Amino acid sequence: MKKYLFILSICLAACENKTEQQDWQLTPFVKQDTDNPILTANDTTTFDDPILKRTINWEAKDVYNPSAVMRDGKVYLLYRAEDTVKVVDGTSRLGLAVSEDGIHFKRQPKPVFYPSEDFMKKYEYPGGCEDPRLVATPDGKYILTYTAYDGKTARLCVASSPDLQNWKKEGLAFKAAKYESLWSKSGAIICEKVNEKFIAKKINNKYWMYFGDTNLFLASSDNLTDWTPLEGEDGKPKPIVKPRDDNFDSWLVESGPAAFITDKGILLIYNSANKGFQNKATDTKNAYRAGQVLLDKNDPTKIIDRSKTFFFEPDKPYELTGQVNNVVFVEGLVNFKDRWFLYYGTADSKIAVAVSDKK
Ligand SMILES: *[C@@H]1O[C@H](CO)[C@@H](O)[C@H](O)[C@H]1NC(C)=O
Ligand SMILES: *[C@@H]1O[C@H](CO)[C@@H](O)[C@H](O)[C@H]1NC(C)=O
């Protein structure tokens, strides 16, 4: 009898992740091991850099943290690529790749978004343009949120495009002078799913965006380009979703892909790390893992429920070892042919995909 109890308790511990998922969550996701990683660094593609004024290998070091959107029945990935130029430890530019099946991608040989001799250079160089997140707009365009990194401060920025190829930089997300030096990242705009697309959706007459890489904050906008953080009584951005002690998300929480409205509320998939990660994680207990939170679709500040535990964690060799060890970083989600494709960066080095068949 004791033996059976022992076996049962092992099983309970092992099955914990599966049994603790709630019905409103989008799970489970199955990593596509046969094809993963689906994109890796490439040291043959070149780019004539407008700042360095010479030809460089723009994606030779690492490719990671991709966003994804549907366009004309195909999946487009906009991904972060680092060079080997050593101005800093890899300047980031954004590359574009397209797929007909969600798994096999053909990439364009040149980046489509990068630091240049323009009004954003002071914010974007030498660190670069990082961590893209894309949504469609009601009038058929695309809005990109990305991190500009000057080597010292990360700033959340916005750009727009009619076709994912040609981009207009719209400047800092938070244009008020008091926010010019705010460390900010990771803008996940609230959308509704219309057929295959995630289209930005107003709630109470405003667009809304979760952002941040410590707590998750909230900002509002009339036009998707100029954003205003929701402030607390101290006049600072107000935390909406916070880290939780003694949990997988005890150190930080950071937006994943665009948030979207479901029957049950706004579903936000988020990245997070345990406090142990600060000391350079050596085991996956302290890894970057992903969770989910459900917020009120009539009041995006109000949490309805939160995942008890993570639904996604690093366990493959290319997730455990890389530029930063023990990281899965989810940033792209599409609903394609009735399946959910989740795209993520692995160990800040490569790109992989996981699929869910949840209806
Ligand atoms: C790198 O890019 C070249 C040119 O597009 C391509 O032929 C090659 O297959 C790529 N290599 C990898 C490892 O993706
Ligand atoms: C967006 O709205 C702000 C006011 O909220 C306005 O100042 C700005 O010019 C608008 N930008 C565009 C591109 O329409």
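Here we summarise the structure given alongside this text. Bear in mind the structure is a predicted one, so any value in this text is a computation, not a measurement.

A closer look at the site of ligand 1
With respect to spatial proximity, the complete set of residues near ligand 1 consists of Asn-42, Thr-44, Thr-45 and Arg-107. Between an oxygen atom of ligand 1 and a side-chain N or O atom of Asn-42, the distance comes to 2.3 Å. For ligand 1, an oxygen atom lies 3.2 Å from a polar atom in the side chain of Arg-107. In the complex, 34% of the free accessible area of ligand 1, which totals 370 Å², lies under the protein chains. Here the shell around ligand 1 is built from residues that sort into no nonpolar, 3 polar and 1 charged.

Digging into the site of ligand 2
Near ligand 2 the following residues occur: Asp-222, Asn-223, Thr-225 and Asp-226. Within the side chain of Asn-223, one N or O atom sits 2.3 Å away from an oxygen atom of ligand 2. Protein burial of ligand 2: of its 360 Å² of free accessible surface, 38% is covered by the chains. Broken down by class, the residue content of the shell around ligand 2 amounts to no nonpolar, 2 polar and 2 charged.

Some words on the packing of aromatic side chains
According to the stated counting rule, one finds 20 aromatic pairs in the structure shown. The interplanar angle of 75° and the centroid separation of 6.4 Å between the aromatic rings of Tyr-149 and Trp-183 together place this pair among those described as edge-to-face. In this pair, Tyr-149 sits in strand S9 (residues 142–149) while Trp-183 sits in the loop between strand S11 (168–172) and strand S12 (188–194), placing the two residues 34 residues apart along the sequence. On the basis of an interplanar angle of 35° and a centroid distance of 5.5 Å, the ring pair of Phe-211 and Phe-217 is categorised as tilted. Each member of the pair, Phe-211 together with Phe-217, is buried. Three or more aromatic residues joined by ring pairs make a cluster, and in this case those are Phe-29, Phe-311, Phe-312 and Tyr-344. When the ring centre of Phe-312 is taken as origin, the NZ or CZ atom of Lys-31, which lies over that ring, is 5.0 Å away. It is Lys-169 that lies over the ring of Phe-113; its NZ or CZ is 5.3 Å from the centre.

Focus: the environment of Leu-333
Within the fold, Leu-333 resides in strand S22 (residues 328–336). Sequence separation between Leu-333 and Leu-78 is 255 residues; the distance between their C-alpha atoms is 12 Å. Discounting chain neighbours no more than four positions away, the residues touching Leu-333 are Leu-26, Phe-29, Ala-68, Phe-198, Pro-257, Phe-260, Ile-269, Trp-340, Phe-341 and Leu-342.

Description of the nonpolar core
The biggest cluster of nonpolar side chains holds 38 residues, and the ones touching the most others in it are Phe-29, Phe-174, Ile-189, Trp-227, Phe-260, Phe-312 and Leu-333. The contacts of Phe-29, once residues within four sequence positions are left out, are Phe-311, Phe-312, Leu-333, Trp-340, Leu-342, Ala-354, Val-355 and Ser-356. Judged by nonpolar contacts, the second largest core, of 23 residues, contains Leu-39, Trp-58, Ala-68 and Val-334.

A short note on the pattern of salt bridges
Within this structure, the stated rule accounts for 30 salt bridges. For Lys-201, the salt bridge identified is with Glu-192, shortest N-O distance 3.9 Å. Salt bridges sharing partners connect three or more residues here, namely Lys-61, Asp-62, Arg-80, Glu-82, Asp-89, Glu-130 and Asp-131.

Reading the values: rules and limits
Residue indices follow the written sequence of each chain, beginning from 1 at its first position. Chains carry letters and ligands carry numbers; both start at the beginning, A for chains and 1 for ligands, and go up in the order they are written. Confidence filtering applies because this is a predicted model: local features only for residues at pLDDT of at least 70, side-chain atom pairs given and counted only at 80 or more, and all residues used for totals across whole chains, interfaces and linings. With hydrogens and water stripped out, all remaining heavy atoms of the structure feed into the side-chain values. Here a residue is considered near a molecule or strand provided that any single heavy atom belonging to it is located within 4 Å of it. N or O atoms closer than or at 3.5 Å make up a polar contact, with two conditions inside protein: a donor-capable atom paired with an acceptor-capable one, and, for residues adjacent in sequence, both atoms drawn from side chains. With residues, only the protein chains shown are counted as cover, and all accessible areas are computed by Shrake-Rupley using a 1.4 Å probe. Throughout this entry, Asp, Glu, Lys and Arg are counted as charged residues, while Ala, Val, Leu, Ile, Met, Phe, Trp, Tyr, Cys and Pro are counted as nonpolar. The remaining residues, Gly among them, count as polar. Pairs were defined over the aromatic rings of Phe, Tyr and Trp, the Trp ring being its six-membered one, requiring ring centres within 6.5 Å. Orientation was assigned from the angle between planes: stacked under 30 degrees, edge-to-face over 60, tilted for the rest. Here a helix means four or more residues in a row that DSSP labels H or I, a strand means two or more in a row labelled E, and each is numbered from the N terminus. Only protein chains enter the area calculation, which uses a 1.4 Å probe; residues under 20% of their type maximum are buried, those over 50% are exposed, and those in between are partly exposed. We call a charge positioned above a ring when the Lys NZ or Arg CZ atom is no farther than 6 Å from the ring centre and deviates by at most 35 degrees from the ring normal. Two residues qualify as a contact provided that any one of their heavy atoms is within 4.5 Å of a heavy atom in the partner residue. Buried Ala, Val, Leu, Ile, Met, Phe, Trp, Tyr and Cys residues form a nonpolar core when they are joined through side-chain atoms within 4.5 Å. Salt bridges, as used here, are contacts in which a Lys or Arg side-chain nitrogen is within 4 Å of a carboxyl oxygen on Asp or Glu.

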